[in-house]
Amino acid sequence: MPMYSTIKKIKNDSERNRIVEKLLALRAQLDRQIPAKTATDTLLLATWNIRAFGDNRRNESLHYIAEIVSRFDLIAIQEVAANLDGLSKLVTLLGPNWDYIVTDSTEGTAGGGERMAFIFDRCKVFFRKMAGEIVLPETKLIYDKKTDKNLQFARTPFCVAFQAGWFRFILTTVHIYYGTAKNDDPRRIEEIKSIVKFLSTRATKEGENYILLGDFNIFNTSDTTMKALTSNGFYIPDDIREHPSDLGQSKHYDQIAFKLKIDTNMTVFSEGKQHAGTFNYSETVYQPQDLNLYREYFDEKYVKGKTEKEIEKYYLTNWRTFEMSDHLPLWIELKVDFSNQFLKNIPKT
């Protein structure tokens, strides 16, 4: 569980009491909606685009984010800022058993200076000493019709080897190019096709289990972008497909896709037996009705001279999304203990 000692040091009584009350409500919601962690049987894997995640959150928000992250064993984070102070503070709140691996910041306007990170509980997850950013060879560059150029990824995918229990896997996180505000931006499609094809070739060659997750900027599950993601042998469980991951719960931006190379009797995920979904933090923290609790923290330039309706919109779609995010965590429960199956497969003499 996260470290709560700093809450006691908050001098403002109303703020301290609010954080305690909200944390208790958030913990109760997490208890209801997220499966309990296990010592060896399962892995709770998640992905979360935390909007512009730098050293720009209030201490209150970091406590809520830490509480959510702590319920998973391994989580991919997108939109980490070049300034790592926010990420460092988050991991400190999580406690000494937690660690992280992070990329360098991405250069160029399309990349926005972003990093990507994996945060993991060392009590459950083992880093297998392999990490790298995927750079395409010249023969496999992404063609951008708009500029008539062959390009690398706008934000370089991050690939890391992990192990949890019996399950060894290569985990790759992405933040795919957004481009135009339409379902099937051509460069977005090409980026998804390229990463899927690249990893599929690797998986076949190496015989490794590959998991691809992150922000693909997929609007609908019927879009060409989704078809591109599920090509070349990658599959997405129905329990992931059916959950929109934006705060408005209308878009399927974030996804988790698998290409596995394990024995057929070792099932990592069973529809109906295990669980997956999104977690909507706004049911308990930064709720729509909490506007008046946070007015004092609003930047005056965004609310001066505005109507109540405009201020409410600012709170819902801007202010709170930079305190938490405009995306929801997307998660899945995986089975990682195959001890019984392994023993049954040992030939009898």
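The structure displayed is predicted, hence computed values, not measured ones.

Chemist: I'm lost on the overall build of the protein in this one. Help?
Modeler: When helices and strands are counted, the protein shows ten helices and 13 strands. Seen through its C-alpha atoms, the protein measures out along the principal axes to roughly 75 × 55 × 35 Å. Out of the 349 residues belonging to the protein, those deemed buried represent 53%. Within the protein, contacts between residues separated by at least 24 positions form 77% of all contacts whose residues are at least 6 apart in sequence. Carbon and sulfur atoms make up 50% of the accessible area of the protein, which totals about 16200 Å². Positive and negative charge centroids in the protein, built from 48 and 47 side chains respectively, lie 2 Å apart.

Chemist: Just checking my understanding: could you explain the layout of surface pockets for this structure?
Modeler: Any empty space left between the atoms is revealed when a probe the size of a water molecule rolls over them. Of the voids in this model, the largest pocket is the one considered here, and its volume is about 280 Å³. Lining the largest pocket are 18 residues, and of these Met-1, Lys-37, Ser-70, Arg-71 and Trp-98 sit closest to its centre. Residue composition of the lining of the largest pocket, by class: nine nonpolar, three polar and six charged.

Chemist: Even after reading the chapter, I still don't get helix H4 (residues 186-206), so can you show me in this structure?
Modeler: Since the α-helix advances by 3.6 residues per turn, residues separated by three or four positions end up pointing in the same direction. Given a rise of 1.5 Å per residue, 21 residues ought to cover 30 Å, and the 30 Å separating the end C-alpha atoms of H4 matches this to within 8%. Residues of H4 that are buried include every one of Arg-187, Arg-188, Ile-189, Glu-191, Ile-192, Ser-194, Ile-195, Val-196, Phe-198, Leu-199, Ser-200 and Ala-203, and no others. Tucked into the core, H4 has its buried residues touching strand E6 (142-144), strand E7 (149-151), strand E9 (167-175), strand E10 (210-215), helix H5 (224-229) and strand E11 (254-259). Here H4 starts with a cap whose side-chain oxygen sits 3.1 Å from the backbone nitrogen of Arg-187, and that cap is Asp-185. Following H4 by one or two positions, Gly-207 adopts a phi angle in the positive range, close to 70°.

Chemist: Explain the packing of helix H1 (residues 13-33) against helix H2 (residues 59-69) to me, please; I cannot follow it from the model alone.
Modeler: Between H1 and H2, the least distance of the axes is 10 Å, while the angle of their chain directions is 20°. Viewed along their axes, H1 and H2 adopt a mutual orientation that is roughly parallel. Here the hand of the crossing between H1 and H2 comes out right-handed. Residues Arg-18, Ile-19, Lys-22, Leu-23, Leu-26, Arg-27 and Leu-30 of H1 touch H2, and the partners they reach there are Glu-60, His-63, Tyr-64, Glu-67 and Ile-68. Here the contact of H1 with H2 is built from residues that sort into six nonpolar, one polar and five charged.

Chemist: Any chance you could explain the environment of Leu-87 here in plain terms?
Modeler: Take Leu-87: it is sitting in helix H3 (residues 85-94). The class of Leu-87 is buried, set by a relative accessible area of 0%. The spacing of Leu-87 and Thr-201 is 114 residues in sequence and 33 Å in space, taken between C-alpha atoms. Beyond its immediate chain neighbours, meaning those up to four positions away, Leu-87 contacts Phe-53, Val-80, Tyr-100, Val-102, Ala-117 and Ile-119.

Chemist: What is the right way to look at the sheet that holds strand E2 (residues 74-80) in this model?
Modeler: Strand pairing in a sheet takes place through backbone hydrogen bonds and is either antiparallel or parallel in direction. The mixed open sheet is built from six strands, whose spatial order is E3-E4-E2-E1-E13-E12. Where the open sheet ends on each side, the last strands, each with one partner, are strand E3 (98-102) and strand E12 (276-278). In this sheet, neighbouring strand axes are inclined to one another by 20° on average, regardless of whether the strands run parallel or antiparallel. As defined by bridge partners, E3 adjoins strand E4 (residues 115-121) across five bridges and the pair is classed as antiparallel. Opposite Trp-98, over in E4, you have Asp-121 as the bridge partner.

Chemist: Please explain the environment of Asn-340 as it appears in this structure.
Modeler: Locating Asn-340 in the fold gives a position in helix H10 (residues 339-345). Along the sequence, Asn-340 and Lys-304 sit 36 residues apart, while their C-alpha atoms lie 64 Å from each other.

Chemist: I tried to follow unusual backbone geometry on my own but got confused; where do I start?
Modeler: Glycine aside, the phi torsion of most residues is negative, and most peptide linkages are trans. With phi around 65°, Lys-129 is a residue other than glycine that occupies positive phi space. Relative to the helices and strands, Lys-129 resides in strand E5 (residues 126-133). Within the chain, Asp-148 stands out as a residue other than glycine whose phi angle is a positive 55°. Inspection of the secondary structure puts Asp-148 in the loop between E6 and E7.

Here is what the cut-offs are and how they apply
- Residues numbered from 1 in each chain as written.
- Predicted model: local features only at pLDDT ≥ 70, side-chain atom pairs only at ≥ 80, totals over all residues.
- Heavy atoms only, no water.
- Helix = DSSP H or I, 4+ residues; strand = E, 2+ residues; numbered from the N terminus.
- Buried < 20%, exposed > 50% of the residue type's maximum accessible area, 1.4 Å probe, protein only.
- Contact = heavy atoms within 4.5 Å.
- Areas by Shrake-Rupley, 256 points an atom, 1.4 Å probe, with all protein chains shown as cover.
- Lys, Arg positive; Asp, Glu negative; His and termini not counted.
- Charge placed at Lys NZ, Arg CZ, Asp CG, Glu CD.
- 1 Å grid on protein atoms, 1.4 Å probe; cavity = no way out; pocket = protein on both sides within 12 Å on 5 of 7 lines; lining within 4 Å.
- Points joined across faces, edges and corners; volume = space filled by probe spheres on them.
- Nonpolar A, V, L, I, M, F, W, Y, C, P; charged D, E, K, R; others polar.
- Expected span 1.5 Å × (residues − 1).
- Polar contact = N/O pair within 3.5 Å; in protein donor to acceptor, adjacent residues only side chain to side chain.
- Axes fitted to C-alpha atoms, helices over the stretch in contact; angles between N-to-C directions.
- Parallel < 35°, antiparallel > 145°, perpendicular 65-115°, else oblique.
- Left-handed = near helix turned anticlockwise from the far one by under 90°.
- Pairing = 2+ DSSP bridges.

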